[in-house]
Amino acid sequence: MGWAKTHLWDYGDGPALPGHYLGGVTVRPDFRRRGIAAELTGARVQWIWERAEVAWFVVNASNHASLTLHRGFGFQEVARGPAFHSVRFDGGEGVLLRAARPCPDPRGRPSALAWSREAPTGGVCDGAVGIDPSQHEAG
Ligand SMILES: CC(C)(COP(=O)(O)OP(=O)(O)OC[C@H]1O[C@@H](n2cnc3c(N)ncnc32)[C@H](O)[C@@H]1OP(=O)(O)O)[C@@H](O)C(=O)NCCC(=O)NCCS
């Protein structure tokens, strides 16, 4: 019905910093719009939150379905370009997006939002999460 993966880039490429990237979510056409990609994305994002404070994602700028899906998980645009890491985009423009791990539940319980498309988009807990501008390269 569908598949998806994550990829760990251990080096940066301009604004695309080292880290865990979502990749290649694909759902068979006859199974689309049933929430399968959302399930696959929720599970992968949760897996990343157990290992990192930031999740990354790149997609062709023309892929509105994927952009809408991922924005629903709090991914926000960081940069655009013809390629990030080894991914080059048909049509010439891709979008780099990132999401920050949701803040922990103050009562110490696992946050239900961690699995939810309604998870907070900011995710900055006491300033602990953010992009270090010194790691960005021009362009
Ligand atoms: C993008 C893709 C993975 C979505 O799979 P899916 O299982 O149909 O997605 P879901 O049913 O989980 O959709 C979750 C949400 O994503 C958004 N979404 C999904 N498909 C969409 C579309 N065609 N247009 C606009 N929004 C879309 C919607 O917000 C949707 O929520 P809703 O159905 O409540 O409106 C699927 O269309 C696909 O395999 N496309 C080809 C491969 C591809 O482009 N993959 C992404 C590469 S990064």
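Any chance you could explain the environment of Phe 57 here in plain terms?
Among the structural elements, Phe 57 can be located in strand 3 (residues 54-60). It is 8.4 Å that separates the C-alpha atoms of Phe 57 and His 20, two residues lying 37 residues apart in sequence. If we skip the residues at most four places from it in the chain, Phe 57 touches Tyr 21, Leu 22, His 70, Phe 75 and Leu 97.

I tried to follow the site of the ligand on my own but got confused; where do I start?
In the vicinity of the ligand there are 18 residues, among which Arg 32, Ala 37, Ala 38, Ala 65 and Leu 69 approach most closely. Elements represented by at least two residues in the shell around the ligand include exactly strand 2 (19-27), helix 1 (36-49) and helix 2 (64-71). Looking at side-chain class alone, the shell around the ligand contains eight nonpolar, seven polar and three charged residues.

Hey, could you run me through the nonpolar core in this one?
Taken as a class, soluble globular proteins show a tendency for nonpolar side chains to be buried jointly. Ala 55, Phe 57, Val 58 and Leu 96 are the most contacted members of the largest nonpolar core, which has 24 residues in total. Those elements that provide at least two residues to this core are strand 2, helix 1, strand 3 and strand 7 (94-100).

It is not clear to me how the sheet that holds strand 7 should be interpreted in this structure. Could you clarify?
The five strands are arranged 1-2-3-7-4 in an open sheet whose pairing can be described as mixed. The outermost strands of the open sheet, each flanked by one partner alone, are strand 1 (2-9) and strand 4 (76-81). Taken over all neighbouring pairs, the strand axes of this sheet differ in orientation by 30° on average, direction set aside. Bridge count for strand 3 against strand 7 is seven bridges, and the pairing is antiparallel. Counterpart to Val 54 in the pairing with strand 7 is Ala 100.

In this structure, what is going on with helix 2? I would like to understand it.
Because each turn of an α-helix spans 3.6 residues, side chains separated by three or four positions in sequence point in the same direction. Restricting attention to buried positions, one finds in helix 2 the residues Ser 66, Leu 69 and His 70. Viewed end-on, helix 2 has its buried residues packed into an arc of 90°, placing them on one side of the element. Seen from the open side of helix 2, the exposed residues pointing more than 90 degrees away from its buried face are His 64 and Thr 68. In the core, the buried residues of helix 2 are packed alongside helix 1, strand 3 and strand 7.

Even after reading the chapter, I still don't get the pairing of strand 3, so can you show me in this structure?
For a regular strand, the rule is simple: side chains alternate between the two faces of the sheet. Among the seven residues in strand 3, five count as buried, and that is most of the element. Inspection of the sheet shows strand 2 paired to strand 3 by three bridges, in the parallel sense. Its bridge partner lying in strand 3, His 20 is registered against Ala 55. For the crossover from strand 2 across helix 1 to strand 3, the handedness is right-handed.

The rules behind each value
For every chain, the first residue of the written sequence is number 1, and numbering continues from 1 onward in sequence order. Local features are withheld for residues below a pLDDT of 70 in this predicted model, meaning they are given only at 70 or higher, and side-chain atom pairs are given and counted only at 80 or more; totals for whole chains, interfaces and linings count all residues. Every helix listed is a DSSP run of H or I at least four residues long, and every strand listed is a run of E at least two residues long, numbered separately from the N terminus. Placing C-beta atoms from the backbone, we regard two residues as in contact once those atoms come within 7 Å. Placing the C-beta atom from the backbone, one calls a residue near a molecule or strand if that atom lies within 6 Å of it. For this classification, the nonpolar set comprises Ala, Val, Leu, Ile, Met, Phe, Trp, Tyr, Cys and Pro, the charged set comprises Asp, Glu, Lys and Arg, and every other residue, Gly included, is treated as polar. Think of a nonpolar core as buried Ala, Val, Leu, Ile, Met, Phe, Trp, Tyr and Cys residues chained together by C-beta atoms that fall within 7 Å. Buried, partly exposed and exposed are defined by the number of other C-beta atoms within 10 Å of a residue's own C-beta, namely 20 or more, between the two limits, and 12 or fewer respectively, with C-beta atoms placed from the backbone. Pairing between two strands requires that DSSP report at least two bridges joining them. Throughout, an axis means a line fitted to C-alpha atoms (over the contacting stretch in the case of helices), and angles, computed between N-to-C directions, take values from 0 to 180 degrees. Throughout, the arc means the angular range of directions from the helix axis out to the C-beta atoms. For crossovers, right-handed means that the path from the first strand over the helix to the second runs clockwise, given strands pointing away from the viewer.

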